[in-house]
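What the coordinates show
Residue strings, one per chain:
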There are 4 protein chains.
Amino acid sequence: MIVVMETKANRENVNVVVSRVKNLGLGAHLSEGEERTIIGIVGSPLPPNLEDELEILPGVERVVRITKKYKLTGWDFHPQKTRIRVRDVVIGGDAVTIIAGPCSVENEEQTVSTAKAVKAAGASILRGGAYKPRTSPYEFRGLGRRGLEILAIARAETGMPIITEVMTPSDIDQVGEFTDIFQIGARNSQNYLLLEEVGKAGKPVMLKRGLSMLMEEWLLAAEYVMAQGNPDVILCERGVRTFESSTRNTLDVSSVPVIQTMSHLPVFIDPSHAAGKRAYVPALALAGIAAGADGLMIEVHPSPDQALSDGAQSLTFDQFAELTPRIAAVAEAVSRTLPAVSGTAAVSL
Amino acid sequence: MIVVMETKANRENVNVVVSRVKNLGLGAHLSEGEERTIIGIVGSPLPPNLEDELEILPGVERVVRITKKYKLTGWDFHPQKTRIRVRDVVIGGDAVTIIAGPCSVENEEQTVSTAKAVKAAGASILRGGAYKPRTSPYEFRGLGRRGLEILAIARAETGMPIITEVMTPSDIDQVGEFTDIFQIGARNSQNYLLLEEVGKAGKPVMLKRGLSMLMEEWLLAAEYVMAQGNPDVILCERGVRTFESSTRNTLDVSSVPVIQTMSHLPVFIDPSHAAGKRAYVPALALAGIAAGADGLMIEVHPSPDQALSDGAQSLTFDQFAELTPRIAAVAEAVSRTLPAVSGTAAVSL
Amino acid sequence: MIVVMETKANRENVNVVVSRVKNLGLGAHLSEGEERTIIGIVGSPLPPNLEDELEILPGVERVVRITKKYKLTGWDFHPQKTRIRVRDVVIGGDAVTIIAGPCSVENEEQTVSTAKAVKAAGASILRGGAYKPRTSPYEFRGLGRRGLEILAIARAETGMPIITEVMTPSDIDQVGEFTDIFQIGARNSQNYLLLEEVGKAGKPVMLKRGLSMLMEEWLLAAEYVMAQGNPDVILCERGVRTFESSTRNTLDVSSVPVIQTMSHLPVFIDPSHAAGKRAYVPALALAGIAAGADGLMIEVHPSPDQALSDGAQSLTFDQFAELTPRIAAVAEAVSRTLPAVSGTAAVSL
Amino acid sequence: MIVVMETKANRENVNVVVSRVKNLGLGAHLSEGEERTIIGIVGSPLPPNLEDELEILPGVERVVRITKKYKLTGWDFHPQKTRIRVRDVVIGGDAVTIIAGPCSVENEEQTVSTAKAVKAAGASILRGGAYKPRTSPYEFRGLGRRGLEILAIARAETGMPIITEVMTPSDIDQVGEFTDIFQIGARNSQNYLLLEEVGKAGKPVMLKRGLSMLMEEWLLAAEYVMAQGNPDVILCERGVRTFESSTRNTLDVSSVPVIQTMSHLPVFIDPSHAAGKRAYVPALALAGIAAGADGLMIEVHPSPDQALSDGAQSLTFDQFAELTPRIAAVAEAVSRTLPAVSGTAAVSL
């Protein structure tokens, strides 16, 4: 950490900073220029909010943190890319992974038929919401436990692992009884107690990016999970909130290369929630894979115009089946594969 | 609700919309123009996600909701402005209310001395965090129950009601044992299960605006609390996240007149979290009152440069005592009062 | 256009709207519901700011425009996708087009060597700035006319058409003497007089998206050019400004499918300005092509760490030559081609 | 400037940075810690884009600029607050200044009557657009020279100085023939050639903040004007573009204290363009004054529902006359005055 003193700071101001730093058991190196003094702070660990503490001391103009706040999620402590095995599926390897399914679990027929259809088209994990966060208290909020049971039936019939959202700590046990991967939604991405509790539950966690979350904050949220001893975290970009209103959110596709530079964790793209409109989903899905994402999460529904939630952004079975060969082709173009589809991609285009 | 059909929509497309609407027990009025047909939907209540359902039907270009999604928070169902009594303090009346205190409760001496200082200077409610949401898992997270006990001591010594944050449903009972007002933080502003549980706890709730929350979403979050039978919700603007980085967040002072147009609920301004820097707090506090806010929430600390959290944005006792007469003067200029200070405002300027 | 009256609006309010509309030579259809009256306005053309005029009349709650404000840029008036021929290059067809070159023209050697290198690697148009907009008045602002002459030399040596930015109406003649395509930069994207003047200059125009420009505003800016009789406009997404700071701007890759839904104009992606950092350029370039962009604009410099501007985001010759086969592979995966490279793509991966 | 080397940087990497810096005639101080080396760069002036140049050298992790990019607009070179005299009006002193008038000059009667009304109510400068930037090419764009003549007539009748927008360099002479203050609109805030040309024209310039302009960029735009020898620049905040859509833009009231910390230039608030709706204008105007703004720019029209532009946000004469005593009262509460009104403020409330 570097403390930049104001040009008008005096010796006394400098001494206050230095003694503050030394009281914390850290070292302070002075660099006295013609215009101003700069103090380098060495030693570790640095208290997480040390810059705030120092920035308000008299004569301090600015404090610059050089080391990163995140640790477990960064490359320094984990130089291999994280691979996560979920039943027979490996996430984070050469193959890209497609998670697909309905926004909400509505009934057994809808869920099982979707599971079969997306599996046949190349998906390897089934998604479906049993507990749904809704902006309005008057909207459909999911089937709850019955939804979890239906997902388990779909898993039994197809062999696909399942992922579903958990919204509050007291639901973790019940959801964990059924799910293979816990999903933490964008609105709960900084619900730290939930992150810690789910970190203790012993299963992989997919953490969606919050609507106005900085990359570093996202990694720090993942850090809450990992600090509980759970190494299996997947990050999922689903669009951020900007001034642009033609899409529901703005897919920040740059998050793929940026996160991959900062962290060893796999990163997915959710084109459905970013677009908010079905017509834009294929372009965003392909863009995500081309940018290097480890996988996609896509909403599919047997009859989107009858869906109880998010129908407008769900693909039909046919639309999904048309899309996966194109995903496979782009994956191969960037030296990845989509195993279930790849062999036939060239033909089907 | 109005359904605008595409210019190329045919009779069949129109019929599908109409029959869908009628199946829901609603009425449909056709207006057939030269270029296109427009369908007006009448009847109530409209399902909350009806526009999504209709927008994806073939031939539909756009759906426009005319009625509002929020009810209990709107003027239509509650034509008087909400006033909330908390012990001897009335929120939402002619007097503006100042809530002040430290970011975190650190110890009894710090909290009680701050309570006395802010009360003497014109504050009427004491704030202080016992449970702190922190971006990093490695930062100080509050004293927990001991913090609540200290707040209660400060209340006993000063007579001021207290407000403190609750972060998760399982803490509500314990926090409710002590606090007079529950605070829901920005990161939990769409933690719907928490909102519902706190709505059942029988005490007023202050709901901070999320970092990227639309006004309507904010009212819908309040609606979650009110739908549990709790009419006493206070909204608190604390800045939204934008591209501008010279302040920690961008205080959206327009939220005061906008919310007052939409809702009967009192609206407060938190200049401390918006600014992130002490030097900007007074200007933002005065702007909030001038815009018509019902109150302010300001961080004050006996020794900000020793604070365990948010010291950079906390005022000293002296700075706070200098500010309150100015707040009183602006309040009077907009036909409000700051009771404890007003009489002396003219003199002290 | 639809005028939604307030529930409390009276007959007199409705009459004022109707007579206002009729005075403009338009028709008004009343739809009187139980709760409120809705007025449909028919006839054309609707004055561009009619909604503003009507929205402030007493008793009006909201006005909804149904027809689009843009015309020449929309599909309704131009049902074929626009193809633009620039010397031997066709933009907007099956082949994707790569524009590459240095941020600024610095000297003949730098520009010609770059032109040769990018052509060899698959680019078909040369970019280079002779007039540079700079945030600070103290930065390098380009070589001016000498820069244009150097671009012409590079064109003569390689046969590649050139594109360069024009910043002010009085430079159009001079820039037009040399360039094949005029570039309008993001900061000038709403400089309407410049747009009109460049629209008269008889050459294709590439219009970068402004940092906070809505899609509709972008098309309306293009409309300024097209309204002067110039049909050859290319749109170029180069990132928008958001709260995220790990990239210089946030590439809104969704603009590709959204614009293609709204408009027949070709749309390009500029990954260099969006990323601001070289390391992220390849991922964003590939994402753009996968999303369906008609081309890319990429900064390349013989020695980026010596560049007079934007060195941090420029690729070296080698990096560019490594990237183009990957672009070709992704292009083929989405049923496009990169002619100069495609044949060898499979081999070179 | 401080160059932070990567932990894995070697001696050779450090030497490259040092020799690069020395070649520019600057000094380099090495501070070698256990983990990494930090290089302090001293000497002046630092090239404006030096950080970009250094950031891409091998082994460099980050470069931190300590000195500011702006000079003439900063306090360091101009320790007194700028006061600008325009005829009899002084901007930037103890008195706050109200600029008011119609969005567009429509005819003599409209403009002169507005001038008289706003003067009577406390405004001291008349605004009115003769050249209007419009998002769509099909909207009313102002009367041009005839508009300027009408403004001059209004000035002759009332004695009020006038301000009007100039949109392109070739109009500067003509606009300068009439106006007392040049206005540069938000869309032209980074039209650098216009800024330079208007800087040479010898009259005060009001520079509106761009829709996504950082504070530092705003000062650098002002620097373009000041670098031409023109010290009389007024900054005007008019809202920035965010995700919030209930107001046309989001008024960033924090810009008042932030700019006042960075710069000696006067800063105004334009509540009309920020709000976009008349009902919110008073609250934002009062907030701006309370935050310490040096003045306001408010749209007023004799008959807003007949206005050719921006009627929805214009106040009527009566609304403006009701507002100014409230502005005067708030101004006094923050130790400022509104001369024409102040004496009567207490009475009129």
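Right above here is the structure, for reference.
Here is a short report on the structure shown in this document. Since we're looking at a predicted model, the values are computed, not measured. (Residues numbered from 1 in each chain as written. Chains lettered and ligands numbered in written order. Predicted model: local features only at pLDDT ≥ 70, side-chain atom pairs only at ≥ 80, totals over all residues.)

Moving on, we get to the interface of chain C and chain A. Taken together, the contact between chain C and chain A spans 36 residues of the former and 36 residues of the latter. At the level of secondary structure, the elements contributing two or more residues to the side of chain C that touches chain A comprise helix H8 (255-262), helix H10 (281-290) and helix H11 (317-333) of chain C. Looking at which element gives the most residues to the side of chain C that touches chain A, the answer is H10(C), with six residues. (Contact = placed C-beta atoms within 7 Å. Helix = DSSP H or I, 4+ residues; strand = E, 2+ residues; numbered from the N terminus.)

Turning next to the relation of the copies chain B and chain D. You can overlay chain B on chain D at an RMSD of 0.0 Å; the transform is a turn of 180° with a shift of 0.0 Å along its axis. The transformation relating the two chain copies, once decomposed into turn and shift, fits a two-fold axis. For chain B, the residue whose C-alpha comes nearest the rotation axis is B:Ala287, separated from it by 2.0 Å. The fraction of interface residues of chain B whose copies in chain D are also interface residues reaches 100%, indicating that both copies meet through the same surface. (Least-squares fit on C-alpha atoms with pLDDT ≥ 70 in both.)

What follows covers the interface of chain B and chain D. On the chain D side, the residues contacting the 36 residues of chain B number 36 residues. Considering every element that reaches the side of chain B that touches chain D, the biggest residue donor is helix H10 (residues 281-291) of chain B, with seven residues. Partitioned by chemical class, the residues of the side of chain B that touches chain D number 24 nonpolar, nine polar and three charged. (Nonpolar A, V, L, I, M, F, W, Y, C, P; charged D, E, K, R; others polar.)

The next point concerns the relation of the copies chain C and chain A. When chain C is fitted to chain A, the residual RMSD is 0.0 Å, and the transformation amounts to a turn of 180° plus an axial shift of 0.0 Å. Interface overlap between copies: 100% of the residues of chain C at the interface are likewise at the interface in chain A, consistent with a symmetric, same-surface contact.

Residues and elements named next belong to chain B. The sheet built from eight strands closes into a barrel, its strands ordered E7-E8-E9-E10-E11-E12-E13-E14 with parallel pairing. Neighbouring strand axes in the sheet, compared pairwise and without regard to direction, differ in orientation by 25° on average. Against the sheet, helix H4 (residues 145-158) touches strand E8 (125-127) and strand E9 (162-165), its axis set at about 165° to E9. (Pairing = 2+ DSSP bridges. Axes fitted to C-alpha atoms, helices over the stretch in contact; angles between N-to-C directions.)

Bringing the nonpolar core into the picture now. Core analysis: the largest hydrophobic core is formed by 372 residues, its most contacted members being A:Val330, B:Val330, C:Val330 and D:Val330. Setting aside anything within four residues of it in sequence, one finds A:Val330 in contact with A:Leu286, A:Ile289, A:Ala290, C:Ala290, C:Val330, C:Ala333 and C:Val334. Counting residues in hydrophobic clusters, the runner-up holds 30 residues, among them A:Ile39, D:Val3, D:Val17 and D:Ile39. (Core = buried A, V, L, I, M, F, W, Y, C linked by C-beta atoms within 7 Å. Buried ≥ 20, exposed ≤ 12 C-beta atoms within 10 Å, placed from the backbone.)

Residue and element names in this part refer to chain D. The pairing of strand E2 (residues 27-32) with strand E3 (residues 37-42) spans six bridges and is antiparallel. Paired with alanine 28 across the two strands is isoleucine 41, which belongs to E3. Hairpin connection between E2 and E3: a loop of four residues separates the two successive antiparallel strands.

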